[in-house]
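One letter stands for each residue in the lines below.
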Amino acid sequence: MRWIVHKFGGSSLADARCIDHVARLVVARADQAQAVVVSAMAGVTNTLLGAAADAASGQERWSDTLDGLRRQHLDTAAELLGDAPALLADTNEDLQARFVTLEQLLSSLALMGSAPTEALELISGHGELLSARLLSARLQALGEQAEFIDARQVLRTRPAALMVAVDWDSSRRQLEAILEQHPAQRYVITGFICRTVEGRISTLGRNGSDYSGSIFGRLLEAEEIHIWTNVDGLMSADPSAVPQAELLDHLSYREAFELAYFGARVIHPQALSPALERDIPVFIRNTFNPDCPGTRIDSRGHPAPPVKGISGIGNMTLINIEGAGMIGVPGTAERIFGALNRAEVSVSMISQGSSEHSICVVVPAIAGEQARTILEEVFERELRHHQIHRIALVPEIRILAIVGEGMTGTPGIAARLFASLARAGINVRAIAQGASERNISVAVDEADAERALKAIHAGFYLSDQTLSVGLIGPGQVGSALVYQILGAAERLKREANLDLRLRAVASSRQMRLSEPGLDRDDQENPLGSTPETLDLDRLADFINDDHLPHAVIIDCTASEQVADRYLGWLERGIHVITPNKHAGSGDLERYRDLRRQLERGSARWRYEATVGAGLPVIQTLRDLIDTGDRVLRIDGIFSGTLAYLFNRYQPGMSFAELVGEARAAGYTEPDPRDDLSGMDVARKLVILGREMGLEIGLADVQVESLAPQELAGTSVEGFLTGLADYDRAMAERLQAAEGRGEVLRYVASLDDQGRAEVALKSLPRDHPFANLALTDNVVAFQTRRYRANPLIVQGPGAGPDVTAGGVFADLLRVAVNLGARL
């Protein structure tokens, strides 16, 4: 017969509704022959063990606990079998008999004041006897044949190092005898319980019901084994930690073993062994979503993707043994592992450098101090003579493992793993990889574990690359940036697996922190209706959430105080993106500190928009330098406002009136002196000079201000009125330029010796700077390669949308560096 084995866990049998659903599910399948293996109803095994502990310790509440279980099962039977009174009576009689036995056993424990192992195994196995009886009765009430098998009549086992070992020949004979005596197309079989080869009642250990399903699959030579749970199958990571975890549709046995060992709780690693030995496909399915095909596990698996999933084991401790006296000394490892073995301390991970200077092991946290004490005793002599320097314990460790058959022979897997961790600012305590290359394990601090898991998962494109983003300064540029990010977020997530999560927005006095992040409905009012008082420390803590792998703060202010915070943010691993010029052009020592932090840290500082708004000015300069070119000179028009003024300024015009018109049209800052002073242009020149490696500051730039010093203390209106007194001087300069056939342009210049100037200059009409669109910026790079014909970068260099686009481009560059595919 073509047997299909179905195993249902406790979550699938939680109550009468669930048991009825399971019964109808197995009936609806077109299997030629079925073996249905069941766990106890949800929570029953733990409740029975708790009652046993109470009875053995003299706690009288075990009786009330048992009464509660009795009522639960009898009520479930009544709900399942209310339409079949005769079947209900038979079932109740059987259930009552089981509870009489349980009461006698628990009374015995109360008298003895102890709980022998055999008694506990006999008591804990009753949950499966009860649930199997209920399911078989429900199937019969539906008019289906369902023979009940107590697995203790079949399975014969003996102790083994891991789970118990099955005596296959004896078990097969027992099963064949039962099938011959009670022929049927469907059997309901108890999971978890068995007998030893000597005939004593025993169990297969915790999670033994999955093992039972696989055992009966092998005994029946089944075509398939279906393990039904409350999830759709094995996932690429723990969905509670990585919401974007994906269902794995096809795994090899070995991949499933590795994932299960490292914490994938859907199945116990040993449960697959009998299926592997007979090459029986195993399917992990969802009882409550039976249309989902689940995860198929077989000998072949599938080579793509090379990394199938990431799993982990928490509550671990790392112990490091190091010292020069270990180098070249045979037997050191044997002494370590022999001592831990004798103390029954399980070692989950081992790492040793080729120098043999140190060996580290990762053990369960509960055994950490014991293990260190044992090793200090074993190496007491070496410690005393300083041959071993120390035996150190590092608590709160989690092991994370990437798993996949396709990793074998695929270059770059380890590089991507460690790059993903480095980009997220995760320190790796220890590394282990077997020669099979099927698994690479790392030990990280528990505090970093969730962020590390998300970073690895996204790094192998198993989920979206998620950036936690905060924006400071929702003014004209900031508001435009909010529109751009929220408008593109859905497309980037769909097309590039990039999740830009704008989770915080702050003005000069208020802020909004949003756990799920802002959406398109927030574009008009990003601060929301109930902002809270600004606290930049809280904002940074919120953005730098351990539950998200990467944090970015975007500074769209012109604040010196915000710029002062960049170093602290970078030290914490928070990326900084800004059009704010203060950090790049201000205090030189602060700038040096930022540069030193960029060299030693993983966080990035991007500031393309500080010079050319959306123009790739800094990127072009970096490309020239990084490819070995030498920059000799930079000339440019870096102010869209001043470009507009001198493109419009013609003989006969009042320069003061032109400035007033430009202000009214929004082409200047609210106070035009901010543009006319030339300081904004000087800051841009300093930023470019420092990018060239010149240690210059604003004091090194000769600046010609077009805002008369005499008007410095006046109001804006007073300035505009007073500026008319200087129209004649400006008109004379324009007339002189016109007489030479030239034009006036406000130009910034810098050479490789650090000579820097910002001034109004007269240029020939055929000069590249003479014929620009109204608000264009232009930069000319004269280098060794571009000596005779400078490299020109030209285009709109001002405006909220253009500047926001430059900032957004920097954000996407950071995302690409973190592993996003754009």
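Everything that follows concerns the structure shown earlier in this document.
The present account deals with the structure reproduced in this document. Remember, predicted model here, so these are calculated numbers, not experimental data.

**Quick word on the overall build of the protein**
- Along its length, the protein carries 30 helices and 31 strands.
- Scaling as 2.2 N^0.38, a compact globule of 822 residues should have a C-alpha radius of gyration of about 28 Å, whereas the protein reaches 37 Å, well beyond that.
- Seen along its three principal axes, the alpha-carbon backbone of the protein occupies a region of about 120 × 75 × 50 Å.
- Here the protein, with 822 residues, has 54% of them falling under the buried criterion.
- Pairs at least 24 apart in sequence give 73% of the contacts found in the protein among residues at least 6 apart.
- Working note: accessible area of the protein is about 34900 Å², and carbon and sulfur atoms make up 47% of it.
- The positive charge centre, built from 81 side chains, and the negative charge centre, built from 108, are 3 Å apart in the protein.

**Focus on helix α2 (residues 44–56)**
- The first and last C-alpha atoms of α2 sit 18 Å apart over 13 residues, in line with the 18 Å expected at 1.5 Å per residue.
- Burial in α2 covers these residues: Val44, Thr45, Leu48, Ala51, Ala52, Asp54, Ala55 and Ala56.
- On the buried face of α2, the contacting elements are α3 (62–81), α4 (85–112), α5 (117–124) and α6 (126–141).
- A positive phi of about 85° marks Gly58, the residue just after α2.

**Thoughts on the pattern of salt bridges**
- Taken as a whole, this structure holds 63 salt bridges when the rule is applied.
- In this structure, Glu589 and Arg592 form a salt bridge, with 2.9 Å as the shortest nitrogen-oxygen distance. Of the two residues, Glu589 and Arg592 both sit in helix α21 (residues 588–600), 3 residues apart, roughly one turn of that helix.
- Residue class for Arg592 comes out partly exposed when judged on its relative accessible area of 25%.
- The salt bridge involving Arg622 is made with Asp626; its shortest N-O contact spans 2.6 Å. Taken together, the residues span about one helical turn, with Arg622 and Asp626 both in helix α23 (residues 617–626) at a distance of 4 residues.
- A residue is classified by how much of its surface remains accessible, and Arg622, at 24% relative accessible area, is partly exposed.
- Exposure remark for Asp626: the relative accessible area of 55% places this residue in the exposed category.

Conventions used here
Residues numbered from 1 in each chain as written. Predicted model: local features only at pLDDT ≥ 70, side-chain atom pairs only at ≥ 80, totals over all residues. Heavy atoms only, no water. Helix = DSSP H or I, 4+ residues; strand = E, 2+ residues; numbered from the N terminus. Rg over C-alpha atoms; globule rule 2.2 N^0.38 Å. Buried < 20%, exposed > 50% of the residue type's maximum accessible area, 1.4 Å probe, protein only. Contact = heavy atoms within 4.5 Å. Areas by Shrake-Rupley, 256 points an atom, 1.4 Å probe, with all protein chains shown as cover. Lys, Arg positive; Asp, Glu negative; His and termini not counted. Charge placed at Lys NZ, Arg CZ, Asp CG, Glu CD. Expected span 1.5 Å × (residues − 1). Salt bridge = Lys/Arg side-chain N within 4 Å of Asp/Glu carboxyl O.

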